[in-house]
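# Remarks on the overall topology
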Amino acid sequence: MSTMWRDLRYAFRILHNAPSFTIAAVLTLAVAIGANAVAFSALNALILRPLKLPEAQSLYGLQRVSNHLPFQSYPDYLDLRDGNRSFSALAAFNIGEAGLDTGRNARPAWVYEVSGNYFDALRIQPYLGRFFHAADERSANSAPYVVLAYAYWHNYFQDDRGVVGRTVRLNKHPFTVVGVAPPGFHGTLLFLSPDVFVPMVDQEQIEGSNLLNARSNRWVFMVMGHLKPGVTPAQAIADLNSTGSRLEKNYPNDDSKMAFELVRPGLVGDYIGRPARAFLTALMLLAGLILLAACANLGSLFAARASDRSRELALRVALGAGRLRVLRQLFTEAILVSLIGGAVGLWGSVMLLDWLAAAQPFPQFPINIPVSADARVYALALILSIASGFLFGAAPVRQILRTDAYQIVKMGALAQPGRRVTVRDVLLVAQVAICAVLVTSSFVAVRGLVRSLHSNFGFVPQNAMLVQLDLNQAGYHGDAVLAIQKRMIDAMKAIPGVTSVGLSSFPPLSNGKPFDSLVFADKTPDLRPSDAAADAMLWGVSPDYFHAVRTTLLAGRTFTWHDDKDAPRVAVINQEFARELFGSVPGATGRYFKLRDGTRVQVVGVVQDGKYSSLTEEATAAMFFPIAQSPTSQTALELRSRNDPHELAAAVRGRLRDLDPALGALIQTWNEAMDFVLFPSRMATAALGILGLMGAMLSVTGIFGIASYAVSKRKRELGIRIALGAQRGEVLKAALGRAFKLLAFGSAAGLLLGILASRVLASIVYRATPLDPLVLAGVVVTMALLGLIATWIPAQRALAVDPAMLMREE
């Protein structure tokens, strides 16, 4: 221990006497270890760490094997719950939005519609009052109870403990507050915190429709439960599949492919979990590359520093210190630098994580980002710090072990003549290659984002305003929905500057989720799911919708107000629908198809394909119905204007207030509404851009270090060359030629690795194409610029060598 303490004190003195080296090394490691800590924190919070629930390790969600989706119908949930023998209980939940009037204020609230046994199945206790239970559910709208989330109770009821027993209104329906959830409970999704919990049997009052008996409509977000003690996941799957087989036999027209698998519920199984795992795993790999580049950088610096300290180290060996003792001193210095850098990086990452946890990128959503540093993150930072110290501290080991102390004391040089490739050369090539991979990833991300922004969406979001509201929250039901929708369209058309107004149930590529339905060929006699011709998204739209959103009509006609409930059922379909059902677009108009309930629908028009729910979706069948034949309380007005859409907001709000003060709406430009869909692409681009910038910085410092070292060690040679009449180009070639060769070799290797990593990039970036000529050209130009920047100062120093001054010094 006393020897170790002496090593530490000496290491402190050495580092204190070289502040520039120490600061550069600490900052390099801080950036690299901080990046890994942030990436691992996200991976840990969203993938590795279970939900903050009692006995969370035994909590599993259900999803279907056929499509890897967790959504179920309510009747299927009841059959799975009642037929289950492997779970202590199976609970279900759905996410909705409702207008909540507390008596003092009214505002939209995010609602968890949960089964009556939800809280009991999760084994949590109320903070205040009680929870509702399965016994409270009898039939539709039979349990008018609400449980407040702790944060909502704290923010809007000011911790009023007398709230229990009070009546509030959800969509103008009375509900009794029975309790408050505990502080640490944010529902069973990792990223969305609800405001209130209500029984699922009250769905009609919350969403305006009653789907409790609709076996074919899979609106339940997820079914989950705790495995019974001693039951394995494989046994539970076999139990669920036996129930699924029975459902397939009993309800062939509604249930098919009812085989199940178990997943963790925090990210809705594979629905969000699969892309999140791919993104975070790839992000960890790239952050690891940053750390390797940093270690290569520091390894090169440490090797050069060992060469500069050759006389000191040789004297220590000559005076009796063993080579292992000298190496231990060098490793002590390396690990000390690494620990300090790791501490600084961890501090910075904790600050960044706290900011991310408090961030609200979408104010209309109760986003909860549970990324915070815990014991795992601290342990990882410590392990990476120590491992990094050993890794870059090992760079000069071979030099030390092969040192001839007598020759060093006599000649003053550690480097051995005749070596064509040094450790520093290898480290620089590795570092530049890693940098090129990261720069390639950055360019791929930027190009992918540009493509996503300039894709053919099937509509034109520019100069358009979206007005989104739920008429159910304002108390409109039945025929009153269509009447108020017509009045809203007329009121919006009367606003000066508005050129066209469309209305749809959901705007494509926004925060709404369109419905989908199986469709069948007209001659199909048996309407079971296995005989469906397509699974098509469906919208209810107004007659002027396609004109307002700039969707091209390819054949036939659009709707009129005469296409009402008394007229024959008609639809406008997109190209993909026409191809899947009729083989081609020409001839599709005038033909018929069937819905799941057997209704025959005539095709009256065909429009171009578009993007409907995500940028990454393949061509998807879509059908549009007149709102008079498919009324829905979910309403989106699309306003096209000659003026700046932002100027319309006040006028729109005033017109809605004149119609009905209860019509609260989310008003934003269509481009702003698309921020939610574009958020993953933008986040991936930002993350890869930051990592590319880090790699570029490390590459510049590495090239600068080796170029500066080469110039400083060859000053005498360069002076002689200049004295003998060498031209500037020859001097630069002699001084920096090796550095540029290493840069070129490393850049080529990194670009090749970046191209080979296209599959990894495809899991992060939309439409990743490393072979894009612009990407390849951008990487080449960037690496050349980095080389010029890094070698500019060493080049000036090489050209400024004064032979006379060198001779006098000698």
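Residues numbered from 1 in each chain as written. Predicted model: local features only at pLDDT ≥ 70, side-chain atom pairs only at ≥ 80, totals over all residues. Heavy atoms only, no water.

### A look at the pairing of strand β12 (residues 498-504)
Within β12, six of the seven residues are buried, which leaves it mostly tucked inside the rest of the structure. As defined by bridge partners, β12 adjoins strand β20 (residues 634-641) across six bridges and the pair is classed as antiparallel. Among the inter-strand pairings, Leu503 is bridged to a residue of β20, identified as Leu637. (Buried < 20%, exposed > 50% of the residue type's maximum accessible area, 1.4 Å probe, protein only. Helix = DSSP H or I, 4+ residues; strand = E, 2+ residues; numbered from the N terminus. Pairing = 2+ DSSP bridges.)

### A word on the nonpolar core
Within the largest apolar cluster, 57 residues are counted, with the highest numbers of intra-cluster contacts made by Phe93, Tyr118, Phe119, Leu148, Phe185 and Phe197. Those residues in contact with Phe93 that lie beyond four places of it in its chain are Tyr112, Glu113, Val114, Tyr118, Thr188, Leu189, Met200, Val220, Phe221, Met222 and Met224. Counting residues in each nonpolar core, the second largest holds 49 residues, with Phe21, Phe302, Val350 and Ala687 among its members. (Core = buried A, V, L, I, M, F, W, Y, C linked by side-chain atoms within 4.5 Å. Contact = heavy atoms within 4.5 Å.)

### So, the environment of Thr551
Turning to its location among the elements, Thr551 is positioned in the loop between α16 (545-549) and β15 (553-556). Sequence separation of Thr551 and Phe457 is 94 residues, and the distance between their C-alpha atoms is 9.2 Å. Residues contacting Thr551, with those up to four places away along its chain left out, are Gly458, Phe459, Phe546, Val607 and Gln608.

### A look at the confidence of the model for the chain
Confidence along the chain averages 84 in pLDDT terms, with 89% of residues attaining 70 or more. Taken as a whole, residues 413-419 scores under 50 in pLDDT and shows ten contacts with residues more than four places along the chain or in a different chain. (pLDDT = per-residue confidence, 0-100.)

### Quick look at helix α7 (residues 233-250)
With 18 residues, α7 ought to run about 26 Å at 1.5 Å a step, and its terminal C-alpha atoms sit 26 Å apart, in line with that. Turning to α7, the residues buried within the fold contact β1 (59-64), α3 (74-83) and β10 (260-263). (Expected span 1.5 Å × (residues − 1).)

### Describing the side chain of Ser338
With respect to the element layout, Ser338 can be found in helix α10 (residues 323-358). Using a relative accessible area of 0% as the deciding quantity, one classes Ser338 as buried. Separated by 3.4 Å, the side chain of Ser338 and the backbone nitrogen of Gly389 make a polar contact. If we skip the residues at most four places from it in the chain, Ser338 touches Leu29, Ile33, Leu384, Ser385, Ile386, Ser388, Gly389 and Phe392. (Polar contact = N/O pair within 3.5 Å; in protein donor to acceptor, adjacent residues only side chain to side chain.)

### What to know about unusual backbone geometry
We note that Asn171 has phi near 50°; this positive angle belongs to a residue other than glycine. Mapped onto the elements, Asn171 comes out in the loop between β6 (167-170) and β7 (173-180). Judged by relative accessible area, which is 1%, Asn171 ranks as buried. Phi is positive for Val268, which is not a glycine, with a value near 55°. Secondary-structure assignment places Val268 in the loop between β10 and α8 (270-308).

### A word on the environment of Ala494
Looking at where Ala494 falls in the secondary structure, it is placed in the loop between α15 (479-493) and β12. Residue class for Ala494 comes out partly exposed when judged on its relative accessible area of 47%.

### Quick look at the packing of aromatic side chains
Within this structure, the stated rule accounts for 31 aromatic pairs. Relative to Phe546, the ring of Tyr545 lies with its centre 5.3 Å away and its plane at 75°, an arrangement referred to as edge-to-face. Residues Tyr545 and Phe546 agree in their burial class; the two are buried. Ring-pair connections join several aromatic residues into one group, and the members of that group are Phe71, Phe93, Tyr112, Tyr118, Phe119, Phe131, Phe132, Phe185, Phe197, Phe221 and Tyr271. The side chain of Arg215 reaches across the aromatic face of Tyr251, ending 3.6 Å from its centre. Of note, Arg569 hangs over the ring of Phe625, and the distance from its end group to the ring centre comes to 5.4 Å. (Phe/Tyr/Trp six-rings, centres within 6.5 Å; stacked < 30°, edge-to-face > 60°. Lys NZ or Arg CZ within 6 Å of the ring centre and 35° of its normal.)

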